[in-house]
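Each chain, letter by letter, is given below.
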Amino acid sequence: MRLHWLSYFFLFSLLACNGKNHLLKIKGSDTEVNLSVLLAEAYHQRHDDRQLSISGGGSGLGIASLLNGLADIANSSRPINSYEQQLFKQKGTEIVSFVFAQDALAIIVHEDLSIDSLSIEEVRKIFSGKKAGWQFSASDQFPISLYGRQSNSGTHSYLKDKLGIEFSLYAKEMNGNAQIIEAVKADKGGIGYVGAGYVVKNGKQQGSGYKILKIYEKNRPACSPLDYYAVLHKRYYFQRPLYQYVLKSAYAKAKPLLEFEKSIEGQKIIVANGYFPITSSTRE
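First, a word on what this report is: a plain description of the structure on this page.

About the thresholds
Residues numbered from 1 in each chain as written. Predicted model: local features only at pLDDT ≥ 70, side-chain atom pairs only at ≥ 80, totals over all residues. Heavy atoms only, no water. Core = buried A, V, L, I, M, F, W, Y, C linked by side-chain atoms within 4.5 Å. Buried < 20%, exposed > 50% of the residue type's maximum accessible area, 1.4 Å probe, protein only. Helix = DSSP H or I, 4+ residues; strand = E, 2+ residues; numbered from the N terminus. Contact = heavy atoms within 4.5 Å. Axes fitted to C-alpha atoms, helices over the stretch in contact; angles between N-to-C directions. Parallel < 35°, antiparallel > 145°, perpendicular 65-115°, else oblique. Left-handed = near helix turned anticlockwise from the far one by under 90°. Nonpolar A, V, L, I, M, F, W, Y, C, P; charged D, E, K, R; others polar.

**Topic: the nonpolar core**
Formed by 71 residues in total, the largest nonpolar core has its most connected members in F127, W134, I191, I215 and F238. It is strand β4 (residues 95-110) that provides the largest number of residues to this core, a total of nine residues. In this structure, W134 is in contact with V109, L113, I115, I126, D140, Q141, F142, P143, I144, G189 and I191, ignoring residues within four places of it in sequence. The next biggest cluster of nonpolar side chains, apart from the first, holds twelve residues, and it includes L66, V99, Y245 and L247.

Written out as structure tokens, the structure reads:
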């Protein structure tokens, strides 16, 4: 069972009352928050003198919190952008970039939809609004419902940039991955995108009511984030590194946690929960 970040936040905030110098504040990516909780819980069992508070809200919020001194670590499912870099520079705040896992973005539809795969071009047309309906026969056609994230989400930015599109104005903006999953399950015409860690565990789809589509590029076989080796060998189109940006002034405090995340034990937790290990090409 996945832990809920909010209960974790309150637990560790209470523990931190008597040890603020040991409190490590992590904010940001909704894609990363569950994984951060699982890693932090395992880490805390071995280092109970260290307290952590973890909350989500989106990559943009995490980076803004870092800039404003409200976090020590910003979880981000996208690279920091040039505008944000300039803000840190203007403020004289130095940060350290760390990649601790890889993520694959899952494209999901209602379980009764009569498709199992989509081409990149079809995905591009659907999320840009150029394709507005599903049509399987003259009698089997209905509108497409788009479910996505808000603009402060790193996942929103990633998919927009990866596809080279502007999202349809009719796309419904949801607060998080879990809301997208529930919306697609309730809507036969629904399609959405979520971090694989929310729908995959130990290489299998978690739950029912939706299906994870295979995605293919021209002249290349279709594959999905359920295919561990496809992602590991970079054959899946929608995959990305997961970042943690750390205040340089807090790096010494954060370093033991970062080292645990990239340890064998940390990487096992990452893989078991639907994410993917770092490789030499994703480390920074």
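**Quick word on unusual backbone geometry**
One non-glycine residue with positive phi stands out, namely N219, at about 65°. With respect to the element layout, N219 can be found in the loop between β14 (214-216) and α8 (228-232). Since its relative accessible area comes to 77%, N219 is described here as exposed. For K234, which is not glycine, the phi dihedral falls at a positive 60°. Here K234 lies in the loop between α8 and β15 (239-247). Taking the relative accessible area as the measure of exposure, K234 reaches 41% and is therefore partly exposed.

**Considerations on the packing of helix α2 (residues 30-46) against helix α9 (residues 251-261)**
Running from N to C, α2 and α9 cross one another at 115°; their axes reach a closest spacing of 10 Å. In this view, α2 runs roughly perpendicular relative to α9, as classed from their interaxial angle. For α2 against α9, the interelement crossing comes out right-handed. Mapping the contact onto sequence places L39, A42, Y43 and R46 in α2 and P256, L257, F260 and E261 in α9. Broken down by class, the residue content of the contact of α2 with α9 amounts to six nonpolar, no polar and two charged.

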